[in-house]
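Letter by letter, the chains look like this.
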Amino acid sequence: MGKALIIGAGGVASVVIHKCCQNPDVFEEICIASRTLEKCEAIKNKLAGSKTKIQTAQVDADNTDMLIDLINKFRPDIVINVALPYQDLTIMDACLATGVDYLDTANYEPPEIPKFEYKWQWAYKDKFEKAGITALLGSGFDPGVTSVFCAYAQKHYFDEIHYIDIVDANAGDHGYPFATNFNPEINIREITAKGSYWENGDWVETEPLELKRVYDLPEIGPKDVYLLHHEEIESLALNIKGVKRIRFWMTFSEKYLTHLKVLENVGMTSIEPIDFEGQKIIPLQFLKAVLPDPASLGPRTKGKTNIGCIIQGIKDGKPRTYYVYNVCVHEECYAEVGSQAISYTTGVPAMIGAMMMLKGIWKGPGVFNIEEFDPDPFMEELNRCGLPWKESFSPELID
Ligand code: NDP
């Protein structure tokens, strides 16, 4: 059916590529392109014998001209961006210049400002409309599946949604005293930033990790959850009409937070460049270099993740509560594609989003957040492709 150019060769990219190869009728040909060619080759070698034809290429995705050359050579139907959020705009520019559809899993963040917002990518709406191409933003798990869960709830179960609590729990254990489950730089920037949630048409800001609750998650049990700012809040606040409050909660163990506090206190999480033996280094990037590579956690991680949305609102004049979630088992992900569940839960929805676009089920033109499209075909594919979801109509609520 089509050709996909996949940019990035990290933990998430590896899952996307495995899943594309499980669906060779849709993904007939792919090109894996990243900064380090050996990583692209290593993934390709793991998938030798696959029906999907695989090429590799070296590319610096900060360089739009280099991307344009690569797109012109490979002529993909879609570019799947699973590099880092810093590359979103250069890749979108290359898609515009070549007339190719675009998909990503994380919104743009300028390297020098630890603040992710959709404003930069939403500013491309007119250009994508005029070019007649589609950009699908945030097709991972959160944002991604959580946003589709909200659209599905809106379509099938509510006349009005008032409150959304997104809960992201990882009860997996990799055995290291401290490691992050996806890119450490992106992860630590997110957690050490101020928290915020949406209430009555405005942002309410909190100190980093200031708000904590205990939530009893199905199949995982009670966990400490902390309020974070998260990018899907911004788009859901626009797209779920009448919503009064949206909050995002994530689990962290005490051990993880103690390590993080120490690293923060000694300056290791800073993104301000410092002089070190005659050269400028960014402490957080140095920290990333000494921490375990998230892609290496796969064989060590045991346990489950549970990510879902607790939604409250009104149906037929009566109050209704609804909880929709996915439970994913780290060991099962590893057995299937050689990655832990965090990469898996991001990579599978990225593949499904691309499938929706290649099949013409989700079409632009323009720049869209994932909850703007019909959730039903995506929800069906989640069940088929390894991320089955469960529902409850009497969940515990978060106060
Ligand atoms: P990794 O760090 O494992 O992989 C990133 C990849 O991008 C690496 O292969 C890296 O190359 C490559 N890359 C970085 N900069 C460039 C560049 N300038 N040109 C070309 N390639 C580049 O990250 P993850 O796989 O864990 O995460 C990938 C994306 O997924 C991130 O944007 C992350 O924010 C997002 N994500 C989204 C989630 C969601 O639920 N929505 C959850 C988790 C992650 P090299 O190896 O050479 O450094």
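Residues numbered from 1 in each chain as written. Predicted model: local features only at pLDDT ≥ 70, side-chain atom pairs only at ≥ 80, totals over all residues. Heavy atoms only, no water.

As annotated in an unreviewed UniProt entry, the protein is Saccharopine dehydrogenase from Ruminiclostridium papyrosolvens DSM 2782.

Quick notes on the overall build of the protein
What the protein contains, in helices and strands, is 14 helices and 18 strands. Principal-axis analysis of the C-alpha atoms gives the protein an extent of 55 × 55 × 40 Å. The burial tally for the protein puts 58% of its 399 residues in the buried class. Once local pairs closer than 6 in sequence are excluded, the contacts in the protein between residues at least 24 apart make up 72%. (Helix = DSSP H or I, 4+ residues; strand = E, 2+ residues; numbered from the N terminus. Buried < 20%, exposed > 50% of the residue type's maximum accessible area, 1.4 Å probe, protein only. Contact = heavy atoms within 4.5 Å.)

Quick look at the UniProt feature "domain: Saccharopine dehydrogenase-like C-terminal" (unreviewed entry) in the protein
Within the UniProt annotation, "domain: Saccharopine dehydrogenase-like C-terminal" (unreviewed entry) is assigned to residues 140-386. Within residues 140-386, the helical portion is 35% and the strand portion 31%, while the C-alpha atoms at the span's ends are 14 Å from each other. (UniProt positions renumbered as here; feature names shortened; annotations may be inferred.)

Concerning the site of the ligand
Among the 28 residues in the neighbourhood of the ligand, the closest are listed as R35, T36, K39, A61 and N183. R35 is positioned such that a nitrogen or oxygen atom in its side chain is 2.6 Å from an oxygen atom of the ligand. In the model, an oxygen atom of the ligand is placed 3.0 Å from a nitrogen or oxygen of the F141 main chain. About the coverage of the ligand: the protein hides 92% of its 940 Å² of free accessible area. Its residues assigned to classes, the shell around the ligand comprises 13 nonpolar, 10 polar and five charged. (Near = heavy atom within 4 Å. Polar contact = N/O pair within 3.5 Å; in protein donor to acceptor, adjacent residues only side chain to side chain. Areas by Shrake-Rupley, 256 points an atom, 1.4 Å probe, with all protein chains shown as cover. Nonpolar A, V, L, I, M, F, W, Y, C, P; charged D, E, K, R; others polar.)

Observations regarding the side chain of D165
Note on placement: D165 falls in strand β7 (residues 160-170). In terms of polar contacts, D165 uses its side chain to reach the side chain of R247, at 2.7 Å. Within the structure, D165 has its side chain in polar contact with the side chain of W249 (distance 2.8 Å). Setting aside chain neighbours within four positions, we find D165 in contact with R245, R247, W249, G308, C309, I310 and I398.

Quick notes on the layout of surface pockets
Estimated volume of the second largest pocket: approximately 440 Å³. As for the second largest pocket, its lining consists of 20 residues, of which P114, K115, A193, K194 and H229 are closest to the centre. Those elements that place two or more of their residues in the lining of the second largest pocket are α8 (184-192), β8 (195-199) and β9 (202-206). (1 Å grid on protein atoms, 1.4 Å probe; cavity = no way out; pocket = protein on both sides within 12 Å on 5 of 7 lines; lining within 4 Å. Points joined across faces, edges and corners; volume = space filled by probe spheres on them.)

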